[in-house]
Amino acid sequence: MAHIAIVGAGFSGAVLARQLGQAGHRIDVFDTRPHVAGNCHTARDPASGVMLHTYGPHIFHTSDERVWKYIRGFGEFVPFVNRVKAVSAGRVYSLPLNLLTINQFAGQTFSPAQAMAYFAQIGEPGEGEPANFEEQALRLMGRALYAAFFEGYTTKQWGMAPAALPASILKRLPVRFNYDDNYYASRHQGIPREGYTAVVERLLDLPNVAVHLGARFDRAQAGGYDHVFCSGPIDAWFGCDEGRLGYRTLDFVREDHAGDHQGNAVINYCDTTVPWTRISEHKHFAPWEQHADTVVFKEYSRLCEAGDTPYYPIRLVAEKALLAHYVGRARREPHVTFVGRLGTYRYIDMHVTIAEALDVADRYEACRRSGEAMPSFVVDPLG
Ligand code: UDP
């Protein structure tokens, strides 16, 4: 059996530790933070009793039956539908764009077919694949809806004009010609009854898995292991010696209130006149709990500097060129596999992270059986 190091105790690292630990390997998991669960970490607030999503709201959603079955083996997921509201020019709307949003915005009573015909009219024409976020939005919904809901929010979230961003970011959000206001289109959606931290703790709970918190893993330690799985930032693995990959980080400004402060889990603020992107009220992520008091967080996005928590990989042309350098070096690194949002520098959700970690573990076992070398990446980070 192998002696394996796993860098990072988020979902990638924890799922790998569980799968490879169950296969009988001896595992050391390292995380620089004093807690497990990475950016999904949750902790009960001593003052209000509310379960807080320490690094911002996380709503689990997936259409992958394997992932849904797997993760529920480590904790109960209570059904939860994320119904986001958005404030734009002094009015409240429903998000993602659905028939209610369209009708409220246009002051109409369109049926689904009428709304579709309206969109065909207001969408700006274009040829070929949309080159960027703005083009994609203008073709789909026209200037007015784009300006009301996407232009300002995206500029604040990414710190640049939407024309500089890839169209793929907009594709995360559906447009619906019915009154379905579920933010996600996934078949399954839920929030762990006891929080994400408890789920990750259970994943890591095996006698042959040792978790080292507040412990930085240095590249020089890799030689002491048969294999290393790194879910930390790929540039940091190399000491960022060719430059730092761009990320957005978030600042959360906490406010404590009594009762119900905003009446919903998440409200987005789409205008640039408001400096925050959204406000989340965490007790609404656990509607099965009762709390007299409430905690809300205003979320501000900015460029990630050294020492900040990386959240969103930026992946523009410059970042991709730098990423290609690091990926080239990673491919020459013996016995190391890079995984997860930070290890592969991709904007992926929790369920994708879990699916990929399961695949990586399967691949490792298959490689051991066949004698083939374990690849540095199981998903191409440049793809
Ligand atoms: N977005 C927007 N307005 C909104 C919500 C989202 O313009 O009210 C854009 C923004 O560029 C954001 C992207 O859509 O980065 C994806 O949104 P999502 O809610 O998936 O982002 P996350 O929850 O991962 O921050």
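See the structure shown above.
The structure presented is a predicted model; accordingly, all values stated were derived computationally and were not measured. (Residues numbered from 1 in each chain as written. Predicted model: local features only at pLDDT ≥ 70, side-chain atom pairs only at ≥ 80, totals over all residues. Heavy atoms only, no water.)

Novice: Honestly, the overall build of the protein in this entry has me stumped. Any pointers?
Specialist: Secondary structure assignment for the protein yields 10 helices and 17 strands. In terms of overall size, the protein behaves like a compact globule, its C-alpha atoms giving a radius of gyration of 22 Å where 383 residues would be expected to give roughly 21 Å. Viewed in the frame of its principal axes, the protein has a C-alpha envelope of about 65 × 55 × 35 Å. The buried share of the protein, reckoned over its 383 residues, is 56%. Here the analysis covers contacts within the protein between residues at least 6 apart in sequence; of these, 71% occur between residues at least 24 apart. When the accessible area of the protein is evaluated, it comes to approximately 16,500 Å², of which 52% is carbon and sulfur surface. (Helix = DSSP H or I, 4+ residues; strand = E, 2+ residues; numbered from the N terminus. Rg over C-alpha atoms; globule rule 2.2 N^0.38 Å. Buried < 20%, exposed > 50% of the residue type's maximum accessible area, 1.4 Å probe, protein only. Contact = heavy atoms within 4.5 Å. Areas by Shrake-Rupley, 256 points an atom, 1.4 Å probe, with all protein chains shown as cover.)

Novice: I keep staring at the site of the ligand and nothing clicks. Help me out?
Specialist: Surveying the vicinity of the ligand reveals 17 residues, the closest of which are Thr154, Arg172, Tyr183, Tyr312 and Tyr347. Taken by itself the ligand offers 520 Å² of open surface, and the protein chains cover 95% of this. Among the residues forming the shell around the ligand, the class breakdown is 12 nonpolar, three polar and two charged. (Near = heavy atom within 4 Å. Nonpolar A, V, L, I, M, F, W, Y, C, P; charged D, E, K, R; others polar.)

Novice: Explain helix α6 (residues 196-204) here, please?
Specialist: Counting buried positions along α6 yields seven of nine residues, so the element is predominantly enclosed. All of the buried residues in α6 are Tyr196, Thr197, Ala198, Val199, Val200, Leu203 and Leu204.

Novice: I keep staring at the side chain of Thr353 and nothing clicks. Help me out?
Specialist: Along the chain, Thr353 falls in helix α10 (residues 350-370). Taking the relative accessible area as the measure of exposure, Thr353 reaches 11% and is therefore buried. Setting aside residues up to four positions removed in sequence, Thr353 forms contacts with Phe11, Ser12 and Ile348.

Novice: I keep staring at the packing of aromatic side chains and nothing clicks. Help me out?
Specialist: The geometry of an aromatic ring pair is captured by two quantities: the separation of the ring centres and the angle between the planes. Scanning the model with the defined rule gives 30 aromatic pairs in all. Ring centres of Phe110 and Tyr118 lie 4.9 Å apart, and the angle between their planes is 40°; this geometry places the pair in the tilted category. In this structure an aromatic cluster arises from ring pairing among Phe30, Phe217, Tyr225, Trp237, Phe238, Tyr326, Phe338 and Phe377. A cation over a ring is seen here: Arg33 above Tyr55, with NZ or CZ 4.0 Å from the ring centre. (Phe/Tyr/Trp six-rings, centres within 6.5 Å; stacked < 30°, edge-to-face > 60°. Lys NZ or Arg CZ within 6 Å of the ring centre and 35° of its normal.)

Novice: I keep staring at the sheet that holds strand β6 (residues 77-79) and nothing clicks. Help me out?
Specialist: Sheet strands associate in pairs through backbone hydrogen bonding, adopting either a parallel or an antiparallel arrangement. Sheet architecture is open: three strands sit in the order β5-β9-β6, paired in antiparallel fashion. Of all strands in the sheet, those with a lone pairing partner are β5 (60-62) and β6, marking the two edges. Averaged over all pairs of adjacent strands, the angle between strand axes in this sheet comes to 40°, irrespective of strand direction. Note that β5 and strand β9 (residues 188-192) share three bridges and pair antiparallel. From the neighbouring strand, Thr62 faces β9, where its bridge partner is His188. Along the sheet, α6 contacts β5, β6 and β9; its crossing angle with β9, the most-contacted strand, is approximately 90°. (Pairing = 2+ DSSP bridges. Axes fitted to C-alpha atoms, helices over the stretch in contact; angles between N-to-C directions.)

Novice: Looking at this structure, I do not really get the pairing of β9. What am I missing?
Specialist: Consecutive residues of a regular strand have side chains that alternate between opposite faces of the sheet. Counting buried positions along β9 yields five of five residues, so the element is predominantly enclosed. Of the two faces of β9, the one holding His188, Gly190 and Pro192 and the one holding Gln189 and Ile191 are both buried throughout.

Novice: Explain the sheet that holds strand β17 (residues 336-338) here, please?
Specialist: Ordered by their spatial adjacency, five strands build an open sheet running β10-β2-β1-β11-β17, and the pairing between neighbours is parallel. The open sheet has two edge strands with one neighbour each: β10 (209-213) and β17. Recorded for the sheet is a direction-independent mean angle of 15° between the axes of neighbouring strands. Across three bridges, the pairing between strand β11 (residues 227-230) and β17 is parallel. Each residue of the ladder has a partner; that of Phe229, found in β17, is Thr337.

Novice: Which parts of the structure should I look at to understand the packing of helix α1 (residues 11-22) against α6?
Specialist: Contact pair α1 / α6: the axes reach a minimum separation of 8 Å and the direction vectors enclose 30°. In terms of orientation, α1 and α6 fall into the roughly parallel class. Residues Phe11, Ala14, Val15, Ala17 and Arg18 of α1 form the contact with α6, whose own contacting residues are Tyr196, Val199, Val200, Arg202, Leu203 and Leu204. Looking at the contact of α1 with α6 residue by residue, the class counts come to nine nonpolar, no polar and two charged. (Parallel < 35°, antiparallel > 145°, perpendicular 65-115°, else oblique.)

Novice: What should I look at first to understand the nonpolar core in this one?
Specialist: Within soluble globular proteins, side chains that are nonpolar generally end up buried alongside one another. Membership of the largest hydrophobic core comes to 104 residues, with the highest contact counts inside it found for Phe11, Phe149, Ile234 and Trp237. Considering every element that reaches this core, the biggest residue donor is helix α5 (residues 133-158), with 10 residues. Counting seven residues, the second-largest nonpolar core is a separate cluster that includes Val87, Ile267, Val274 and Trp276. (Core = buried A, V, L, I, M, F, W, Y, C linked by side-chain atoms within 4.5 Å.)

Note that all results are geometric; they support no functional claim without further evidence.
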